[in-house]
Amino acid sequence: MTMKLALVIGASNESIHAINVAKQKGYTIWAFDQDQNASGFPYADKSYAIDINDTPAIVKQLDGHIPNIILPVPIGRSLISTGKLNDAYDLFGISEKNAELCTDKYIFHTTLHQKGLRNISCSLIQNENQKDITWNTFPAILKPRFGAGSRAVSLVANQKQLFDTLSLYMPLKEDFIIEDCIEGPEFGVDGGIINGKLEVTLLRQKINTPPPVCQCVGYFSLPKNSDTITKYNSVTVFLNKLISVLEIQNGLFHADLIYNTKTGWFPIEFSPRPSGHNLHNLFTIKCTNIDVIKEYLNCSENLYANTSCFISQNIKPMLIHFFNFEKVHITGIPDEKYLYSKYPLVYYKCNMKKNDWLGEVIDGKSIIERGFFILEADSIEKLDVLKNLFLAEFKTEGDYE
């Protein structure tokens, strides 16, 4: 029997779900990551601790073996390696150009701005011009040109705050961009792209911390009903225009968007890979009964004809929320059986321990390891009330360090 070979480029714990799904479909998994202790390595058939940005080194390690597919996994700038290898082996999935356009936030902006899909001002900040940067419209968003997980993203209120925030990173070890701030609620979107057609699996409304950090700490899933179907339809139309400009033919995607009642949808970011933080591998599946990894592999093997395999008509109202306590000690953690008996708890994972100190929530990395919970109810309003009651079960004491 000919080996069906699937590669994993970036074998973090976020890759484990894709590895398991591919194994169930008969693939042999070879995983690559620069971390020799990468969480995904034990799940793969072979593991290689090499720089995943060095695609010639990956090709050399393949030693003439031709992969059938590169598994889509949550990853940042190194997504370019996936694109390069797809191009080199003519594989189903994103290209190097796709990855470059989406992981470089400045090029992403300029490309979409030219087509009228990102109608804001945006400037590149580098060491040579950082002292000359002035901005006329506040508040504004300052963020790294490359990167993921909301790292170093700030809402700046005025020119002084802009300079003060930039000074924290001087001299700049990387480029930054500054852009106009668009008002409106934020949403996350999961889905797939097959043969140039995008389908939306799940629309999620974000729960963010207050400015200036505005870090996402949870999501409400949006069921399809008379109140939300217009959003589902309009976001699908908008994102299909976007991928046409980005020239993406095949791939999974995760998008961060703002919905403005006057101007419609605005793209914060678009990533041609699945969402991280236990979304694509857990929350989306529980809300929609669709596993986007499984459907993507089926599509890559031409198992579907004209089936809308990424679209769910029965989306459950659910909440996923991380433990966003700040500047406190944990003094009491409720019993897990008690929580399951009292709340409509779908999933619960708590990595916090009594007497743990929890610092500020500044990005995804600062809360992801604490754990999270998923609740189900018949409306977002009920979920919001349950969320606050659930978090209140954890006892904390304020800053006394």
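The structure contained in this document is the topic of the report that follows. Quick caveat: nothing in here was measured; it's all calculated off a predicted structure.

Reading guide: rules and limits
- Residues numbered from 1 in each chain as written.
- Predicted model: local features only at pLDDT ≥ 70, side-chain atom pairs only at ≥ 80, totals over all residues.
- Heavy atoms only, no water.
- Buried < 20%, exposed > 50% of the residue type's maximum accessible area, 1.4 Å probe, protein only.
- Helix = DSSP H or I, 4+ residues; strand = E, 2+ residues; numbered from the N terminus.
- Pairing = 2+ DSSP bridges.
- Right-handed = clockwise from strand over helix to strand, strands pointing away.
- Contact = heavy atoms within 4.5 Å.
- Polar contact = N/O pair within 3.5 Å; in protein donor to acceptor, adjacent residues only side chain to side chain.
- Axes fitted to C-alpha atoms, helices over the stretch in contact; angles between N-to-C directions.
- Parallel < 35°, antiparallel > 145°, perpendicular 65-115°, else oblique.
- Left-handed = near helix turned anticlockwise from the far one by under 90°.
- Nonpolar A, V, L, I, M, F, W, Y, C, P; charged D, E, K, R; others polar.
- Salt bridge = Lys/Arg side-chain N within 4 Å of Asp/Glu carboxyl O.

1. Quick notes on the pairing of strand 2 (residues 27–33)
Thought 1: Counting buried positions over the seven residues of strand 2 gives six, a clear majority of the element.
Thought 2: Bridge count between strand 1 (residues 4–9) and strand 2: six bridges; the pairing is parallel. What sits directly across from I9, in strand 2, is F32.
Thought 3: Remark: the strand 1/helix 1 (residues 16–24)/strand 2 crossover connection has right-handed handedness.
Thought 4: Judged from the four bridges that link them, strand 2 and strand 3 (residues 46–49) form a sheet pairing that is parallel. When the sheet's bridge partners are listed, A31 is paired in strand 3 with S47.

2. Focus: helix 5 (residues 105–114)
Thought 1: Turning to helix 5, its buried residues are K105, F108, H109, T111 and L112.
Thought 2: Residues of helix 5 that are buried in the fold lie against helix 4 (96–103), strand 5 (122–125), strand 6 (140–144), strand 8 (176–180), helix 7 (229–246) and strand 13 (264–271).
Thought 3: Capping the start of helix 5, D104 holds a side-chain oxygen 3.0 Å from the backbone nitrogen of Y106, two or three residues further along.
Thought 4: Directly beyond the C-terminal end of helix 5, a positive phi value near 75° is found at G116.

3. With respect to the sheet that holds strand 16 (residues 345–350)
Thought 1: Strand order across the open sheet formed by eight strands is 13-12-9-10-11-14-18-16, with antiparallel pairing between neighbours. In this open sheet, the two edge strands, each paired with only one partner strand, are strand 13 and strand 16. Within the sheet, the average angular offset between the axes of one strand and its neighbour, ignoring direction, is 25°.
Thought 2: As paired strands, strand 16 and strand 18 (residues 371–376) are joined by five bridges and run antiparallel to one another. When the bridges of strand 18 are listed, Y348 appears paired with F373.

4. As for the packing of helix 3 (residues 79–89) against helix 4
Thought 1: For the pair helix 3 and helix 4, interaxial distance at closest approach is 7 Å and the crossing angle is 165°. Overall, the two elements helix 3 and helix 4 adopt an arrangement that is roughly antiparallel. As helix 3 packs across helix 4, the resulting crossing turns out to be left-handed. Contact residues: L79, I80, G83, K84 and D87 in helix 3; E96, A99, E100 and T103 in helix 4.
Thought 2: Taken together, the residues that form the contact of helix 3 with helix 4 break down as three nonpolar, two polar and four charged.

5. Observations regarding the sheet that holds strand 2
Thought 1: Reading across the sheet, the four strands line up as 3-2-1-4 and stay open at both edges, with parallel pairing between neighbours. Of all strands in the sheet, those with a lone pairing partner are strand 3 and strand 4 (69–70), marking the two edges.
Thought 2: Each of strand 1 and strand 2 touches helix 1; the most contacted strand, strand 2, lies at about 160° to it.
Thought 3: Here helix 2 (residues 55–62) sits on the sheet in contact with strand 1, strand 2 and strand 3, set at roughly 140° to strand 2.

6. Digging into the environment of A22
Thought 1: Here A22 lies in helix 1.
Thought 2: Since its relative accessible area comes to 0%, A22 is described here as buried.
Thought 3: In sequence terms A22 and K97 are 75 residues apart; their C-alpha atoms lie 26 Å from each other.
Thought 4: Those residues in contact with A22 that sit more than four places away from it in its chain are Y27, I29, L71 and L297.

7. A few points about the pattern of salt bridges
Thought 1: A full pass over the atoms with the stated rule returns 18 salt bridges.
Thought 2: Across the pair E301 and K25 runs a salt bridge, and its minimum N-O distance is 3.5 Å. Taken as a pair, E301 in the loop between helix 9 (292–300) and strand 14 (318–322) and K25 in the loop between helix 1 and strand 2 lie far apart in primary sequence, 276 residues in all.
Thought 3: Judged by relative accessible area, E301 falls into the partly exposed class, the value being 26%.
Thought 4: Judged by relative accessible area, K25 falls into the partly exposed class, the value being 23%.
Thought 5: Two residues, R145 and D104, come together in a salt bridge whose shortest N-O distance is 2.9 Å. You can see R145 sitting in the loop between strand 6 and strand 7 (154–156) and its partner D104 sitting in the loop between helix 4 and helix 5, a full 41 residues away along the chain.
Thought 6: For D104, a relative accessible area of 2% translates into the label buried.
Thought 7: Through salt bridges with shared partners, one network takes in K4, K25 and E301.

Without other data, these values stay purely geometric and don't point to any function.
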